[in-house]
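# Topology and contacts: notes
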Amino acid sequence: MRTDALSNEEIVAHFRGDTDKLLKYLNWLEKKSGSCAYSTYDQEGISEHSIEFPVYDSTLMNFVREARDTCYMDRNYAYVYTRNRIKSVKDEHRCIRNATIRDMDKLAGILSRYVLGGQTKARLWSAGIEHGIYLAILKKCDELLNFWSRE
């Protein structure tokens, strides 16, 4: 959703409920940030006869499931990346760090890449944890919404 035509109050009203819904994962994200959120299924000799596949943390899967049903999901997230020249994790963090209340659509685009993109490239779900993207976005959104709801 493009936030260009909305007032700051409308942006806060639009994103507040879904942000609060995702903030319950904040403590877990702080603990897991920078670490691997999956393991490889490896039961008695299975690797000899079949391919390995990742088993994702159940809390990560719950986070992804809930995030998928929020207003943050933007199927056109690729345009956010091209418009803002985001090409690396460093660029993502720069964009998150510099975001203002008017840039909530950028934060939504970055989150969408990891949540929706993970449906076809599951390693993105884990990469969001490892690179601290989920944590950075949730903290920034909460900070912005709290600041502007006090005004």
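You'll find the structure just up there.
As the structure is a computational prediction, the values presented were derived from the model and not from experiment.

Let us now look at the packing of helix α7 (residues 104–116) against helix α8 (residues 123–130). Put simply, α7 and α8 touch, their axes get as near as 7 Å, and they point 130° apart. Looking at the two axes, α7 sits oblique to α8. Here Arg-113, Tyr-114 and Val-115 of α7 come into contact with α8, specifically with Leu-124, Trp-125, Ala-127 and Gly-128. Within the contact of α7 with α8, the residues separate by chemical class into five nonpolar, one polar and one charged.

Residues Leu-29, Phe-63, Tyr-72, Met-104, Ile-110, Leu-111 and Tyr-134 are the most contacted members of the largest nonpolar core, which totals 44 residues. When contributions to this core are tallied by element, the ones reaching two or more residues are α1 (8–23), α2 (26–32), α4 (58–68), α6 (89–97), α7, α8 and α9 (133–150). Counting residues per element, this core draws most heavily on α9, at nine residues.

Another aspect to go through is the side chain of Glu-66. Its location among the elements puts Glu-66 in helix α4. A relative accessible area of 19% places Glu-66 in the buried class. Sequence-distant contacts of Glu-66, defined by excluding residues within four places in its chain, comprise Lys-21, Leu-22, Lys-24 and Tyr-25.

Looking now at the environment of Lys-21. Mapped onto the elements of the fold, Lys-21 is located in helix α1. Classification of Lys-21 as partly exposed rests on a relative accessible area of 31%. Sequence separation between Lys-21 and Ala-67 is 46 residues, and the spatial gap between their C-alpha atoms is 8.6 Å. Those residues in contact with Lys-21 that lie beyond four places of it in its chain are Glu-66, Asp-69 and Thr-70.

Here the focus is the packing of aromatic side chains. Under the defined criterion, the tally for this structure stands at five aromatic pairs. When the centroid spacing of 5.4 Å and the interplanar angle of 80° are considered together, the rings of Tyr-25 and Phe-63 count as edge-to-face. Of this pair, Tyr-25 sits in the loop between α1 and α2 while Phe-63 is found in helix α4, placing the two residues 38 residues apart along the sequence. Overall, the relative accessible area of 0% leaves Phe-63 in the buried class. When the centroid spacing of 5.4 Å and the interplanar angle of 85° are considered together, the rings of Phe-147 and Trp-148 count as edge-to-face. The exposure class of Trp-148 is partly exposed, given its relative accessible area of 30%. Three or more aromatic residues link up through ring pairs in this structure, and these residues are Tyr-25, Phe-63, Tyr-114 and Tyr-134. Over the ring of Tyr-114 we find Arg-113; its NZ or CZ atom is 5.1 Å from the centre of that ring.

Conventions we followed
- Residues numbered from 1 in each chain as written.
- Predicted model: local features only at pLDDT ≥ 70, side-chain atom pairs only at ≥ 80, totals over all residues.
- Heavy atoms only, no water.
- Axes fitted to C-alpha atoms, helices over the stretch in contact; angles between N-to-C directions.
- Helix = DSSP H or I, 4+ residues; strand = E, 2+ residues; numbered from the N terminus.
- Parallel < 35°, antiparallel > 145°, perpendicular 65-115°, else oblique.
- Contact = heavy atoms within 4.5 Å.
- Nonpolar A, V, L, I, M, F, W, Y, C, P; charged D, E, K, R; others polar.
- Core = buried A, V, L, I, M, F, W, Y, C linked by side-chain atoms within 4.5 Å.
- Buried < 20%, exposed > 50% of the residue type's maximum accessible area, 1.4 Å probe, protein only.
- Phe/Tyr/Trp six-rings, centres within 6.5 Å; stacked < 30°, edge-to-face > 60°.
- Lys NZ or Arg CZ within 6 Å of the ring centre and 35° of its normal.

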